[in-house]
Amino acid sequence: MDAMDIDERPLPPSKRQKVTECSYLEVAISRFEALPTPVLLLALSNLFLHPPTHRQYSKSLYLSILATWKCLSYQNLDPDVECRAWTALAELGFRMGLEEPDIEQHVETAITKALLLAQNHPTLRPYKVHLTVLSARISQYQRKFKQSQTTIRRLLTTFIAPKDLPHLVYTAHLGHIASFSTLDGSGTPIPSAQSLKAIQDFSDLATRNSHRDIIKLAAVLQLQTLVQMGSWDGVQEALNEAEVLLDYPTASEPSKLAECAASFAHTKRPLHESALLIYALTLGIVFYTYVGDTPRVEARTKILHEMLDGGILDKLGYGVVEIPFPGSQPLCIQIARPRILMVLAFLITSIAKRDPVGRKPKRKIFAMEGLLVVDKELKKDGGMAPWASPADVEAHYSRLKKLKADLICELVGVAVMRSEFVEAERHLAELISHTRNEGLWPQYSARITLLHAQLAHGLNQTERALQCYQVSAYLSRRREQGDNDKDGMEDSWINAAARAGEVWLRIGMFRREMASYPPESMDEEYVEDQEEDLRRHAEEVVKTCEGLGSTLVSVACVLRAALTNEFLKAKMHLRQGLQLITTSTDNHLRALIMALIASQYLNTSTEHAEAMLATAEQLAAGLGAQPKAPKNTSSSLSQAHSQSQSQGSQAAGAKPMDGVGNAALRLWIGERSAELKRRSGDDESARVQDSMNHKLRAVVRKIEQRKGSPMVVGGTWAGVTPNKAPRVV
């Protein structure tokens, strides 16, 4: 634009605004009277409320206590103000932590004085329930469980009346249920048989009052209690009852239910009912995984993940749900925190997906995704409720760290199953580092030792595997009452698995020893003694495995078949094990059982043996199936994934992405297949099989000649000297 083109004329004056006079209506202003100083001091606690992760938490807690004591210093306080002040002091003491010096004594004093006020003034009746529950909590903290139960029972029998508000009555009953919990070796509350009786009374009361939501809560509580106690015989009935109350279509076929999972998951329901449904689904997945019913597991996992993907956890806030009552205050229930539920969903889904065969086994995928989620949560702020205590924050992060350890254990297990030994060692090193740094080693030492034993077993390191099996069984042994040793933790499942692995390994070592001697130089008496010793130990292990889930029952069937003297009994045990494993889709153990069944028919039914060997070979090869190469080679994400998969193998000198699977089992199957082909006169197919066997034999030799784990230094492992390790027989 040229300078001559600029319009230099002055701007026109702006239009004048029309001014109107505003007439304000005279409003009568009511003058508020100043609050009494004690009431204002008592209200400061709520104004100063901050979660423990807030930077001003300590200051807010100190000022709240100071303001409450200042309130109590005034003379002639109203009974309701004084009762509220003593109750606030007790609650603040619980927030600070009863383990702090003198806090426990101050809390007891505050509860006692508040209870005296509540008893002497009928208008303060609602405080009686809350204060009695707090008193019972202190008794439990002091390990006075009988006193805690007596306190709540006296409240229910002598104080609670039918005319009381529903939320007060049910709060007292929930406190009664909690009073029967005892502490296990790790300090975790575990319900007892008396808890079930208290839950039944709770449910009966809700039935008489026609409070259907409380009936649903009682059903889920009973289901959770049975699972925690390990009373699996009663879980099925309790699960069916809870699912019927929550409108779960139990009559539908699992396959049809899986198809309509999205519509059922997104059905509109109250928030508290959605929370109870998440609990029922989670416990249902645990139970049906335990009994090995895969179709029912699949249906529930789909519904659970549909609900989680639909954002239900965002609506749960701090994990507090309200059960409403007409004309009364709601009953507030604290459930597991939403972030814990999210990570837990990945963990139980990874465990439920028991099939490690395939290019992308879901068991591995869910464990890896869950590990990513828990790592993000550990880096975030806890997002705790304003009324939470430092103990709640510590418990939250402790649960996340334990869930992370469990997820890494699943990754180690699936890597060993798929013969991905480099990856298994890498995850084991990460697991040991994590448990050591976070103070979780005593709780996971037996499990980590068992994973080391299984890894050494897969690498054909028999001496090391035998030692690790025995140490794992020792660390997970049954503890006597009052046994406070810190060299592990009692775990019946790990103990049974370790002892079964030891027996199975000793059977193989014995058979190898017998094969090394010429038949004419074999001592029959020695052989009989060894077989009898193995059979005796196996019978003890089989009895231990009974009642510990379908997987260990299948292992017991295999042990019985291996040590029985009768051919027909061996077939019967193997068929029983195969039926259990097929229902639970555990194709890792299924390949072994089918190979053992095929060996029973090598000399009697060639066609049946060939069919079984072919299926077992397919499963064993599928244990090494690798993801297909991406079509777009320029994808940086795919390249990074491939590099991460092959980095460990290249570091160990192995060919990346071998994809052989269970080479030892495939070699055994291949040798039998070649023998059957020669019998049938198919020499060409036999030569092809011999060529494949030659390659598999080279892979097996390479595994056996592989260097030991970098975690084994100087003949020791994790600070345990081999000659000093306890031997458990």
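Residues numbered from 1 in each chain as written. Predicted model: local features only at pLDDT ≥ 70, side-chain atom pairs only at ≥ 80, totals over all residues. Heavy atoms only, no water.

Across its full length, the protein carries 30 helices and 4 strands. Per element, the accessible surface of the protein, about 39700 Å² overall, is 53% carbon and sulfur. (Helix = DSSP H or I, 4+ residues; strand = E, 2+ residues; numbered from the N terminus. Areas by Shrake-Rupley, 256 points an atom, 1.4 Å probe, with all protein chains shown as cover.)

Moving on, we get to the environment of Ala136. For Ala136, the position within the fold is in helix 5 (residues 125-141). When its relative accessible area of 5% is taken as the criterion, Ala136 is described as buried. For the pair Ala136 and Lys146, spaced 10 residues apart in the sequence, the C-alpha separation amounts to 9.8 Å. Setting aside residues no more than four positions away along its own chain, Ala136 makes contact with Ser148 and Ile152. (Buried < 20%, exposed > 50% of the residue type's maximum accessible area, 1.4 Å probe, protein only. Contact = heavy atoms within 4.5 Å.)

Here we come to the packing of aromatic side chains. The full count for this structure, using the stated rule, is 9 aromatic pairs. Aromatic side chains Trp232 and Tyr290 sit 4.2 Å apart centroid to centroid with 15 degrees between the ring planes, which places their arrangement in the stacked category. Of the two residues, Trp232 sits in the loop between helix 9 (212-229) and helix 10 (235-245) while Tyr290 sits in helix 13 (residues 271-291), which places them 58 residues apart along the sequence. Each member of the pair, Trp232 together with Tyr290, is buried. Where Phe287 meets Tyr288, the ring centres are 5.1 Å apart and the plane angle is 65 degrees; that geometry is what we call edge-to-face. According to the relative accessible area criterion, Phe287 is buried, its value standing at 4%. Clustering of aromatic rings is evident, with ring pairs tying together Trp232, Phe287, Tyr288 and Tyr290. The cationic tip of Arg137 hangs over the ring face of Phe94; the distance from NZ or CZ to the ring centre is 4.4 Å. Between Arg269 and the ring centre of Phe264, over which it is positioned, the NZ or CZ distance is 5.1 Å. (Phe/Tyr/Trp six-rings, centres within 6.5 Å; stacked < 30°, edge-to-face > 60°. Lys NZ or Arg CZ within 6 Å of the ring centre and 35° of its normal.)

Our next topic: a nonpolar patch on the surface. A surface patch of nonpolar side chains, about 300 Å² in accessible area, is lined by Tyr62, Leu63 and Leu66. Relative to the helices and strands, Leu63 resides in helix 2 (residues 57-72). (Patch = residues over 30% accessible without salt bridge, like charges linked within 9 Å, V, L, I, M, F, W, Y side chains within 5 Å. Salt bridge = Lys/Arg side-chain N within 4 Å of Asp/Glu carboxyl O.)

All right, on to unusual backbone geometry then. Unlike most non-glycine residues, Ser210 shows phi in positive territory, near 60 degrees. Mapped onto the secondary structure, Ser210 falls in the loop between helix 8 (193-208) and helix 9. What makes Ser210 exposed here is its relative accessible area of 61%. Its identity as a non-glycine residue notwithstanding, Ser419 has a phi of 60 degrees, on the positive side. Take Ser419: it is sitting in the loop between helix 18 (390-417) and helix 19 (421-437). In this structure Ser419 comes out as partly exposed when scored by relative accessible area, which is 21%.

Looking now at the pattern of salt bridges. Across all of its chains, the model carries 30 salt bridges by this definition. The residue Lys404 makes a salt bridge to Asp375 at a minimum N-O spacing of 3.1 Å. Linking Lys404 in helix 18 with Asp375 in helix 17 (residues 362-379), this pair joins segments that are 29 residues apart in sequence. Classification of Asp375 as partly exposed rests on a relative accessible area of 25%. The partner of Glu377 in a salt bridge is Lys380, with the nearest N and O atoms 3.7 Å apart. Connected through salt bridges with shared partners, the residues Arg363, Asp406, Glu410 and Arg447 form a single ionic network.

Because an α-helix packs 3.6 residues into every turn, residues spaced three or four apart end up facing the same way. The end-to-end C-alpha distance of helix 2 is 23 Å, a good match for the 22 Å that 16 residues give at a rise of 1.5 Å each. By the burial criterion, the buried members of helix 2 are Tyr57, Ser60, Leu61, Ser64, Ile65, Ala67, Thr68, Cys71 and Leu72. Viewed along the axis of helix 2, the buried residues span an arc of 165 degrees, placing them on a single side of the element. Among the exposed residues of helix 2, those oriented more than 90 degrees off its buried face are Ser58, Lys59 and Tyr62. Those residues of helix 2 that are buried lie in contact with helix 1 (37-47), helix 3 (79-96) and helix 18. (Expected span 1.5 Å × (residues − 1). Arc of directions from axis to C-beta.)

Turning our attention to helix 14 (residues 294-309). Taking 1.5 Å per residue as the helical rise, helix 14 with its 16 residues ought to reach 22 Å, and the 22 Å between its terminal C-alpha atoms agrees with that figure. Of the residues trailing helix 14, Gly311 is marked for its positive phi of about 85 degrees.

Let us look at the packing of helix 19 against helix 20 (residues 441-458). Their axes nearest at 11 Å, the elements helix 19 and helix 20 cross at an angle of 165 degrees. When the axes of helix 19 and helix 20 are compared, the pair comes out roughly antiparallel. The chirality of how helix 19 crosses helix 20 is left-handed. Packed against helix 19, whose contacting residues are Phe421, Ala424, Glu425, Leu428, Leu431, Ile432, Thr435 and Arg436, the element helix 20 presents Trp441, Tyr444, Ile448, Leu451, His452, Leu455 and Gly458 at the interface. Of the residues in the contact of helix 19 with helix 20, the class split is 10 nonpolar, 3 polar and 2 charged. (Axes fitted to C-alpha atoms, helices over the stretch in contact; angles between N-to-C directions. Parallel < 35°, antiparallel > 145°, perpendicular 65-115°, else oblique. Left-handed = near helix turned anticlockwise from the far one by under 90°. Nonpolar A, V, L, I, M, F, W, Y, C, P; charged D, E, K, R; others polar.)

Turning our attention to the packing of helix 9 against helix 10. Helix 10 packs onto helix 9 with a crossing angle of 155 degrees between their chain directions and a minimal axis gap of 9 Å. Accordingly, the angle class assigned to the pair helix 9 and helix 10 is roughly antiparallel. Where helix 9 crosses over helix 10, the handedness of that crossing is left-handed. Side by side, helix 9 and helix 10 meet where Arg212, Ile215, Lys216, Ala219, Gln222, Leu223, Leu226 and Val227 of the first sit next to Val235, Ala238, Leu239, Glu241, Ala242 and Leu245 of the second. Within the contact of helix 9 with helix 10, the residues separate by chemical class into 10 nonpolar, 1 polar and 3 charged.

Here we take up the pairing of strand 3 (residues 320-325). Here strand 3 shows a buried face lined by Val321, Ile323 and Phe325 and an unburied face lined by Val320, Glu322 and Pro324. Linking two consecutive strands that pair antiparallel, namely strand 3 and strand 4 (residues 328-334), is a turn of 2 residues; a positive phi of about 70 degrees is found at Gly327 within it. (Pairing = 2+ DSSP bridges.)

Here the focus is the pairing of strand 4. Across 5 bridges, strand 3 lies against strand 4 in antiparallel orientation. Of the residues in strand 4, the one forming a bridge with Val320 is Gln334.

The subject of this paragraph is the confidence of the model for the protein. For the protein, per-residue confidence averages 83 on the pLDDT scale, and 86% of positions sit at 70 or higher. Of all helices and strands in the protein, the one with the weakest mean pLDDT is helix 28 (residues 636-651) (41), whereas helix 9 scores best (94). Across residues 633-657, where pLDDT falls below 50, the model places 18 contacts with residues more than four positions away in sequence or in other chains. Below a pLDDT of 50 lies the segment residues 709-729, which in the model reaches 32 contacts outside its immediate sequence neighbourhood of four places, other chains included. (pLDDT = per-residue confidence, 0-100.)

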